[in-house]
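# Observations on chain architecture
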Amino acid sequence: MTDYGCRALAAVDRIANPWGARTPHAAGADWPVRVDEHTEREPERWVQSACVLCSNGCALDIGVAGGRIVGVRGREVDRVNHGRLGPKGLYGWQANNSPDRLTRPLVRRDGNLEETDWDTAMAAVVERARKLLDEKGSSAFGFYISGQLFLEDYYTLAVLARGGIGTNHLDGNTRLCTATAAASLKESFGCDGQPASFADVDHCDTLLHVGINIAETQTVTWSRMLDRLHGADRPRLVVIDPRSTPAAREADVHLAVRNGTNVAVLNALLRELIANGWVDQKWVDAHTVGFDALAKTVDGYTPEHAAEICGTAPDDIRAAAEILGTGERLLSVVLQGVYQSNQATAAACQVNNLNLLRGMIGKPGCGVLQMNGQPTAQNTRETGCNGDLPGFRNWQNPRHVAELAELWNVDPLAIPHYGPPTHAMQIFRYAEQGSISFLWIVATNPAVSLPELDRIRSILGQERLFLVVSDAFMTETAEFADVVFPAAIWGEKTGTFTNADRTVHLSEQAVEPPGEARPDREILLDFADGLGLQDRDGAPLLKWRTPEEVFEAWKQCSRGRPCDYTGITYEKLRGGSGIQWGGERLYEDAVFPTLPEECEDYGHELTTGVTLSAAEFKALDPAGRAILKSAPYVLPAEAPREDYPFLLNTGRSVYHFHTRTKTGRAPELVEAAPEVWVELSADEAGRLGLAEGDIAAVESPRGRIEAPVRITAIREGVVFVPFHYGYWDRDGGNDKDRAANELTITVWDPVSKQPIYKTAAVRVGPA
Ligand code: SF4
């Protein structure tokens, strides 16, 4: 079982109780402050920062003594967490002090990575890049980066890659975690940007969770929800999830749908709203387009029909619809169970539609949180490192491209906009096919996190690919590199980042990086200098050095766009709470950025992913209204069959983040969740002859792993494996594969291009 009782509950023990003691509050009341702190010794000083171990972005102070980080303390003044920290935040900082940090650059010689000095390593990278630019041109370059850098790193890379080298092949691992959030916001509202705010938890009377295990992914915001659920004016809670998550166990209605059927169940909920007159028709008529098409699409999704597809009870769908249709303040929350599943963008848009039909957006307690997976994913999207042009600009809009060209003082044609920016899965395809010959991977670990790992390893290991990796640790990916740069991380550099509800925090440098490690911003600036990247007048393209100078340059890029940072300064971010761009919640005036000249995207046909043209978008004529986009349910790319009868669901543990490069180096988190596992229902485990703790083999057509069994209340036909576990910390005696992505399949959503991790077919049996 998922067991949080593995230790006795102590005053601040977020291992035994990840959410801490309840501090209940009623609707509209302030969420009480509770300051969480964990230090290994008394700090000499505290340095302002925020946590980078999930997209919540909880504000904290870093405790420093003897030039080392010795602990953290939640910031009570901050709007996001009111002092609280979860297990990853309280213990994860210990990774900074890990003895296996990379401290010197490495270059591959005679097949081995050997330590060298910075000049030698950078010269090797610049020399290869220069040669490739001359021989193959800018499209030979790919950059695959992280959702864990700072805004200042991202914007530096966006200008370098898009305006300097001129490649379209720049994307983040945020493609795996948050691309669908961005895509659905663009489809429904014309532009990225989180409509709601975490403070809406304090005001709502109805909560809808769709494919989000928020109790484990964003523990502090779940604490906020729990405090409402256990306080006066308890909101009603509907959870759609195949697993019996902590939130599902608190729910009024839990729809344990079969993986991959989100569109079917959401269409049925939309149909029930319409059939029962639970639509705010006046608001819908005034502020949306597409109602008739939506009503027609969902008409056939009776509760009985949807229940048959989803494997749930029709009356449960009716009960859920009644809750959603009769509340007055609906807050809907979405994450990977939608984004990484069949029809990702189509399903995320149907959640937006639920709120739009109810007219519940832009008001206290009303809205949608299309959550992000990673701490700084919002900044990859804003700065143009995740499949869009910087400042939420539209690659199809010549005026938007011209604005960037003017800002960077380059020719508009130097900024690739012949097609949408290349998404990560396509970048790896191009590397596989050989058109990308130079791939720079920054602070991410695709050798564990991308689908179908055997294929990814074969791509990374190609002789013809020049692979550069910047990281703090020797990851499974860095093992393949030709050059490895040691990177400074959180706490060792200054910068800003933006969380899932648009709150911008400043994270000050607290300690020196270990050895010769350097901030990514500086590494990229050196690379740009080495290549001699210039603007139209022969001046250096990148005109900044310090983090604050980059931030000021970014502010000019964001000016006038929906993500306008011009009112924020480093000084304003010091001392108090983080600051949201766009204010507490977007769309308070019910005016959406859907004018053709301002929107970030003209949208797509949701089932096929066909890109709409400017003319098609204009014909839709949303003109400031939201767009109700609809889609029928379609079957997943891979369905269970006789030889592979289970659906594989991958996801996260409350104690780890991504591939554990940080959390796997924090003793409390390692002890709490040291090893991969596979979750099975009691009935199915029994049928397979497996008991709790037995080692099971899980196989798909692409790979095989072994993992101990956990018996849980997961729905029948579905097995769950956390994706955190790779190979860097395997003990020497165990040579069995354990990474969940050995099993997953190379398919992606047609609109967001987010890989589909949750519908692979597998078989399970004793190892
Ligand atoms: S909820 Fe997220 S941001 Fe907050 S402390 Fe936990 S890991 Fe860090």
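Residues numbered from 1 in each chain as written. Predicted model: local features only at pLDDT ≥ 70, side-chain atom pairs only at ≥ 80, totals over all residues. Heavy atoms only, no water.

### Considering the overall build of the protein
Operational definition: Only DSSP runs of H or I with at least four residues qualify as helices, and only runs of E with at least two residues qualify as strands; both kinds are numbered from the N terminus onward. The reference for a compact globule is 2.2 Å times residues^0.38; the radius of gyration itself is calculated from the C-alpha atoms. For the exposure calls, accessible area comes from a 1.4 Å probe over protein chains only, and a residue counts as buried if that area is under 20% of its type's maximum, exposed if over 50%, partly exposed in between. Contact between two residues is taken to exist if any of their heavy atoms lie within 4.5 Å; hydrogens are not considered. Residue burial considers only the protein chains on display, and all accessible areas are found by Shrake-Rupley using a 1.4 Å probe. For this count, His and the chain ends are skipped, Lys and Arg are scored as positive, and Asp and Glu as negative. By convention, the charge on Lys lies at NZ, on Arg at CZ, on Asp at CG and on Glu at CD.
Along its length, the protein carries 25 helices and 27 strands. Against the compact-globule benchmark of 27 Å for 767 residues, the protein has a radius of gyration of 24 Å, which places it among compact chains. Summarising its shape, the C-alpha atoms of the protein cover approximately 70 × 60 × 55 Å along the three principal directions. Per-residue burial for the protein yields a buried fraction of 66% across its 767 residues. Excluding contacts between residues fewer than 6 apart, the proportion of contacts in the protein whose partners are at least 24 apart in sequence is 76%. Looking at the protein as shown, the accessible area adds up to about 23,700 Å², and 49% of this sits on carbon and sulfur atoms. The positive charge centre, built from 76 side chains, and the negative charge centre, built from 104, are 1 Å apart in the protein.

### Quick look at the domain arrangement of the protein
Put simply, the rule is: Just so you know, the domain bounds were taken from an automatic or database domain assignment. The quantity reported as buried area is the accessible area (1.4 Å probe) lost by two parts once they are put together, taken as the sum for both. In the sections that follow, a salt bridge refers to a side-chain nitrogen of Lys or Arg positioned within 4 Å of a carboxyl oxygen of Asp or Glu. Note on residue classes: Ala, Val, Leu, Ile, Met, Phe, Trp, Tyr, Cys and Pro are nonpolar, Asp, Glu, Lys and Arg are charged, and everything else, Gly too, is polar.
In terms of domain boundaries, the protein breaks down into domain 1 (2–97), domain 2 (106–177 + 380–580), domain 3 (188–371) and domain 4 (646–766). Averaged C-alpha coordinates put domain 2 and domain 4 at centres separated by 31 Å. Facing 24 residues of domain 2, the contacting portion of domain 4 comprises 26 residues. Buried area between domain 2 and domain 4, summed over both chains or domains, comes out near 2,200 Å², and the portion from carbon and sulfur atoms is 58%. Remark: the boundary between domain 2 and domain 4 carries one salt bridge. For Arg-457, the salt bridge goes to Glu-742, with nearest N and O atoms at 2.9 Å. Looking at the side of domain 2 that touches domain 4, the elements that each hand over two or more residues are helix 17 (424–433), helix 18 (446–449) and helix 19 (453–460). When residues in the side of domain 2 that touches domain 4 are grouped by element, the largest group, four residues, is from helix 19. When its residues are assigned to classes, the side of domain 2 that touches domain 4 shows ten nonpolar, seven polar and seven charged.

### Examining the site of the ligand
This is how it is decided: One heavy atom suffices: a residue is near a molecule or strand as soon as one of its heavy atoms comes within 4 Å of it.
Taken together, Cys-51, Leu-53, Cys-54, Asn-56, Gly-57, Cys-58, Leu-85, Gly-86, Lys-88, Gly-89, Thr-219 and Val-220 are the residues near the ligand. When residues of the shell around the ligand are traced back to their parent elements, those giving at least two are helix 1 (87–91) and helix 6 (219–229). Split by residue class, the shell around the ligand holds six nonpolar, five polar and one charged.

### Some words on the pairing of strand 5 (residues 106–109)
Note the threshold: Pairing between two strands requires that DSSP report at least two bridges joining them.
Here four bridges tie strand 5 to strand 6 (residues 112–115), and the two strands are oriented antiparallel to one another. Pairing of Arg-108 across the sheet is with Leu-113, part of strand 6. The turn linking strand 5 back onto strand 6 is made up of two residues, and Asp-110 within it adopts a positive phi angle of 50°. Relative to strand 17 (residues 483–486), strand 5 runs antiparallel, the two being bridged by two bridges. When the sheet's bridge partners are listed, Leu-106 is paired in strand 17 with Val-484.

### Some words on the environment of Gln-281
Within the secondary structure layout, Gln-281 lies in helix 9 (residues 281–287). Owing to a relative accessible area of 30%, Gln-281 belongs among the partly exposed residues under this scheme. Measuring from C-alpha to C-alpha, the distance between Gln-281 and Thr-566 comes to 37 Å, with 285 residues separating the pair along the chain.

### Comments concerning the state of the cysteines
Under the convention used in this document: Two cysteine sulfur atoms make up a disulfide if the distance between them is within 2.5 Å.
The full count for this structure, using the stated rule, is zero disulfides. Distance from the sulfur of Cys-366, which forms no disulfide, to the nearest cysteine sulfur (Cys-204) is 8.9 Å. With no disulfide of its own, Cys-557 lies closest to Cys-563 among cysteine sulfurs, the gap being 7.8 Å. Assessed through its relative accessible area of 0%, Cys-557 is described here as buried.

### Here we look at the confidence of the model for the protein
Where we set the bar: In predicted models, pLDDT denotes the confidence assigned by the predictor to each residue on a 0 to 100 scale.
Summing up the model confidence of the protein, the mean pLDDT is 95 and the portion of residues at 70 or higher is 98%. Per-residue pLDDT stays below 50 along residues 1–11; that stretch engages in 32 contacts with residues further than four places along the chain or on separate chains.

### Things to note about the sheet that holds strand 1 (residues 37–39)
To keep things clear, this is the line we draw: In this analysis, axes come from line fits to C-alpha atoms, helices being fitted only over the stretch in contact, and the angle between any two N-to-C directions falls in the range 0 to 180 degrees.
Spatial strand order, 1-4-3-2: four strands in an open sheet with antiparallel pairing. With one partner strand each, in any of the chains shown, strand 1 and strand 2 (45–50) form the two edges of the open sheet. Here the average twist between neighbouring strands, direction ignored, is 25°.

### Quick word on the packing of aromatic side chains
Note the threshold: Ring pairs shown here join Phe, Tyr and Trp side chains whose ring centres sit within 6.5 Å, with only the six-membered ring taken for Trp; geometry is labelled stacked below 30 degrees between planes, edge-to-face above 60, and tilted in between.
Within this structure, the stated rule accounts for 22 aromatic pairs. With a centroid separation of 6.1 Å and an interplanar angle of 15°, the aromatic rings of Phe-438 and Phe-527 are classed as stacked. With Phe-438 in strand 15 (residues 438–442) and Phe-527 in helix 20 (residues 520–531), this pair connects stretches of sequence that are 89 residues apart. Each of the two residues, Phe-438 as well as Phe-527, counts as buried. Here the aromatic rings of Trp-554 and Tyr-565 are separated by 5.6 Å at their centres, their planes lie at 75°, and the arrangement is edge-to-face.

### Digging into the packing of helix 11 (residues 303–310) against helix 12 (residues 314–326)
The following threshold applies: Handedness of each helix crossing follows the sense of rotation of the near helix against the far helix: counterclockwise by less than a right angle gives left-handed, clockwise gives right-handed.
At a minimum axis separation of 8 Å, helix 11 and helix 12 run at an interaxial angle of 115°. Considering how the two elements wind past one another, helix 11 and helix 12 form a crossing that is right-handed. Across the interface between the two elements, Pro-303, Glu-304, Ala-306 and Ala-307 of helix 11 pack against Pro-314, Ile-317 and Arg-318 of helix 12. Considered class by class, the residues forming the contact of helix 11 with helix 12 number five nonpolar, no polar and two charged.

### Points about helix 4 (residues 179–189)
Within helix 4, eleven of the eleven residues are buried, which leaves it mostly tucked inside the rest of the structure. Residues of helix 4 that are buried include every one of Ala-179, Thr-180, Ala-181, Ala-182, Ala-183, Ser-184, Leu-185, Lys-186, Glu-187, Ser-188 and Phe-189, and no others. Of the residues one or two after helix 4, Gly-190 is the one with positive phi, at around 90°.

### Some remarks on the packing of helix 17 against helix 19
Heads up, the condition is: Orientation labels follow simple angle bins: below 35 degrees gives roughly parallel, above 145 gives roughly antiparallel, 65 to 115 gives roughly perpendicular, and whatever is left gives oblique.
In contact at an axis separation of 9 Å, helix 17 and helix 19 are set at 55° when each is read in the N-to-C sense. The angle between helix 17 and helix 19 places the two elements in the oblique class. As for how helix 17 packs across helix 19, the hand of that crossing is left-handed. Where helix 17 abuts helix 19, its residues Phe-428, Arg-429, Ala-431 and Glu-432 lie against Arg-455, Ile-456, Ile-459 and Leu-460. Of the residues assigned to the contact of helix 17 with helix 19, the class counts are five nonpolar, no polar and three charged.

### Describing the environment of Gln-48
Worth spelling out the cut-off: Pairs of N or O atoms are called polar contacts if they sit within 3.5 Å, as long as, within protein, a hydrogen donor faces a hydrogen acceptor (for residues adjacent in sequence, only side-chain-to-side-chain pairs).
Take Gln-48: it is sitting in strand 2. Between the C-alpha atom of Gln-48 and that of Thr-217, which follows or precedes it by 169 residues, the distance is 23 Å. The residues touching Gln-48, leaving out its near neighbours within four places in the chain, are Leu-60, Asp-61, Arg-75, Leu-506, Ser-507, Glu-508, Leu-573, Arg-574, Gly-575 and Gly-576. Polar contacts involving the side chain of Gln-48 include one to the main-chain amide nitrogen of Gly-575, which spans 2.8 Å.

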